[in-house]
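# Structure assessment
Okay, here's what each chain looks like letter by letter:
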Amino acid sequence: MVIVMKPHVTQQAIEAMVRQLEQDYKVQVGVTNGVDCSILGLVGDTTHIDLDKLSMDDNVERVMRVQEPYKKANRNFHPKDSVVDVSGVKIGGGSFTVIAGPCSVESPEQIVSVAQDVKAAGARLLRGGAFKPRTSPYSFQGMGEDGLTLLLQAKAATGLPIVTEIMSPKHCQLFEETVDLVQVGARNMQNFDLLKEVGKMSKPILLKRGLANTYEEWVMSAEYIMAAGNENVILCERGVRTFETYTRNTLDLSAVPVIKKMSHLPIVVDPSHAAGMYWMVEPLAMAAAAVGADGLMVEVHNDPPNAKCDGQQSLTPANFRRLMDKLAPLAALMGRSL
Ligand code: PEP
Ligand code: MN
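Note that the structure is predicted; figures quoted are calculated from it, not measured.

A word on the site of ligand 1. Around ligand 1 sit R127, K132, P133, E165, Q183, G185, A186, R187, K208, R238, H273 and E299, and those are all the residues in its vicinity. At 2.8 Å from an oxygen atom of ligand 1 is found a side-chain nitrogen or oxygen belonging to R187. Coverage of ligand 1 by the protein chains reaches 97% of its 300 Å² of free accessible surface. A majority-of-atoms criterion places ligand 1 in the second largest pocket. For the shell around ligand 1, a count of residues per class yields 2 nonpolar, 3 polar and 7 charged.

So, on to the environment of S263. Inspection of the secondary structure assignment puts S263 in the loop between α8 (255-262) and β13 (267-269). Given the relative accessible area of 0%, S263 is considered buried. Each C-alpha atom of the pair S263 and M201 lies 21 Å from the other, and the pair is 62 residues apart in sequence. Looking at S263, its side chain comes within polar contact range of the main-chain oxygen of A73, at 2.7 Å. Looking at S263, its side chain comes within polar contact range of the main-chain nitrogen of L265, at 3.1 Å.

For the largest pocket, the calculated volume is near 320 Å³. Contributing to the lining of the largest pocket are 15 residues, with P69, M220, E223, Y224 and A227 lying nearest its centre. At the level of elements, α6 (192-198) and α7 (215-227) are the ones that each hand at least two residues to the lining of the largest pocket. For the lining of the largest pocket, the leading source of residues is α7, giving 6 residues.

A few words now on a nonpolar patch on the surface. Among the surface-exposed residues, Y246, Y278 and W279 lie close enough to one another that they form a single nonpolar patch of about 400 Å² accessible area. Within the secondary structure, Y246 is located in the loop between β12 (233-237) and α8. A residue is classified by how much of its surface remains accessible, and Y246, at 57% relative accessible area, is exposed.

So, about empty space enclosed by the protein. As enumerated under the stated definition, the model contains 1 cavity of 30 Å³ or more in all. Counted as a void, the largest cavity has a volume near 40 Å³. Around the largest cavity, the lining residues are R127, G128, G129, K132, V163, T164, E165 and Q183. Split by residue class, the lining of the largest cavity holds 1 nonpolar, 4 polar and 3 charged.

Looking now at the domain arrangement of the protein chain. With domains assigned, the protein chain is organised as domain 1 (2-64) and domain 2 (84-333). A C-alpha centroid distance of 45 Å is found between domain 1 and domain 2.

Each donor-metal-donor angle would ideally measure 109.5 degrees in four-coordinate tetrahedral geometry, or 90 or 180 degrees in six-coordinate octahedral geometry. Coordination of the manganese ion (ligand 2) by the protein is provided by C103 (SG), H273 (NE2), E299 (OE) and D310 (OD), with metal-donor distances spanning 2.0 to 2.4 Å. Read in sequence order, the donor residues for the manganese ion (ligand 2) give the motif C-x169-H-x25-E-x10-D. Of this pair, C103 sits in the loop between β7 (97-101) and α3 (108-121) while E299 sits in strand β14 (residues 295-299), placing them 196 residues apart in sequence. For E299, a relative accessible area of 0% translates into the label buried.

Looking at the element boundaries, N249 is found in the loop between β12 and α8. With near-sequence residues (within four places) excluded, N249 lies in contact with R238, G239, V240, R241, H273 and A274.

Next up on the list: the environment of E145. Checked against the element boundaries, E145 lands in helix α4 (residues 145-158). Along the sequence, E145 and F192 sit 47 residues apart, while their C-alpha atoms lie 24 Å from each other. Excluding residues that lie within four positions of it along the chain, E145 makes contacts with F131 and L174.

Next up on the list: the environment of T135. For T135, the position within the fold is in the loop between β8 (125-127) and α4. We classify T135 as exposed; its relative accessible area is 80%. Residues T135 and Q11 lie 124 residues apart in sequence; the distance between their C-alpha atoms is 58 Å.

Turning our eyes to something else, we now look at the state of the cysteines. If you walk through the whole model with that rule in mind, you get 0 disulfides. No disulfide involves C309; its nearest neighbouring cysteine sulfur is the one of C103, lying 3.1 Å away. Judged by relative accessible area, C309 falls into the buried class, the value being 5%.

Moving on, we come to the pattern of salt bridges. Within this structure, the stated rule accounts for 14 salt bridges. One salt bridge in this structure joins D85 and K90, with 3.2 Å as the shortest N-O distance. Between R127 and E299 there is a salt bridge; the shortest N-O distance is 3.4 Å. Of this pair, R127 sits in strand β8 while E299 sits in strand β14, and the two are 172 residues apart along the sequence. According to the relative accessible area criterion, R127 is buried, its value standing at 3%.

Calculation rules
Residues numbered from 1 in each chain as written. Chains lettered and ligands numbered in written order. Predicted model: local features only at pLDDT ≥ 70, side-chain atom pairs only at ≥ 80, totals over all residues. Heavy atoms only, no water. Near = heavy atom within 4 Å. Polar contact = N/O pair within 3.5 Å; in protein donor to acceptor, adjacent residues only side chain to side chain. Areas by Shrake-Rupley, 256 points an atom, 1.4 Å probe, with all protein chains shown as cover. 1 Å grid on protein atoms, 1.4 Å probe; cavity = no way out; pocket = protein on both sides within 12 Å on 5 of 7 lines; lining within 4 Å. Sits in = over half its atoms within 2 Å of the grid points. Nonpolar A, V, L, I, M, F, W, Y, C, P; charged D, E, K, R; others polar. Helix = DSSP H or I, 4+ residues; strand = E, 2+ residues; numbered from the N terminus. Buried < 20%, exposed > 50% of the residue type's maximum accessible area, 1.4 Å probe, protein only. Points joined across faces, edges and corners; volume = space filled by probe spheres on them. Patch = residues over 30% accessible without salt bridge, like charges linked within 9 Å, V, L, I, M, F, W, Y side chains within 5 Å. Salt bridge = Lys/Arg side-chain N within 4 Å of Asp/Glu carboxyl O. Domains from an automatic or database assignment. Donors = N, O, S within 2.8 Å, 3.2 Å for Na, K, Ca; no water. Contact = heavy atoms within 4.5 Å. Disulfide = S-S within 2.5 Å.

Okay, here's the thing in structure tokens:
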């Protein structure tokens, strides 16, 4: 961190500030005296320093961070790619892992048949919402705990580990006992109380990017989970809001190389919630594989026109199989195994 002092601040005031900084924050401070102003360079752990508070000092012109505010998620402190193990399925570090399933769990027949179909096509994890974050309170809200029971039934039938969204900290214990990969949805990316609580869980977390959040805000949310003790975090790009309304969201594929530069955490792409239309899912999924993502999350439904949620963006099992067949050679070309 660098503090630029205002011109003509006295040496006495600078020395007092250095002493104060060393005492308050246990950092070392180097002083560079220029012709008109001095610059203080802070060395040590500056994560706890409040930039805005320092900027309010009458003698301070500007305060700048030279390092990112995240440590645990930072690629600089952990150069090797992290590999997250989801009940035996590895995400990151050379594999291309496909998570597939319906937006919501609707019935035993539906979830078991979709689980069997996506498994046969090569998916490694089953998704399905039980607690749904819906824009309208009048829309289907998910089956709740019964949905988790049905997911376990589908897991027993196929062996696929299950991924589902948590909406409330009060469900952490229940999810700890039932779910293999705990999804924090876009709408909750900055629900810091929820992030702190899932950070205490032993299960890995799939953290979706918020509806309009920057890369740094997203990585800082991962940092919340990691700082609470859970370092098994997978990021998921699912499109962001832009001026364009033709698509449900705008898929930001730049997120993949940027996140790989910023962080060692794996990143998967959800083309379904980005596009909002089933016919765009295949090209966007291929693009995600080509740009270096560690996997995909794709919505698949046995009867899309009658789905209780997100039917318009869901692939039929046949279309999903076609996508998987196309992905296999591309993943191999990228040096990854499906
Ligand atoms: C979902 O995966 O079902 C979902 C609601 O996604 P998002 O949080 O990305 O909108
Ligand atoms: Mn959905």
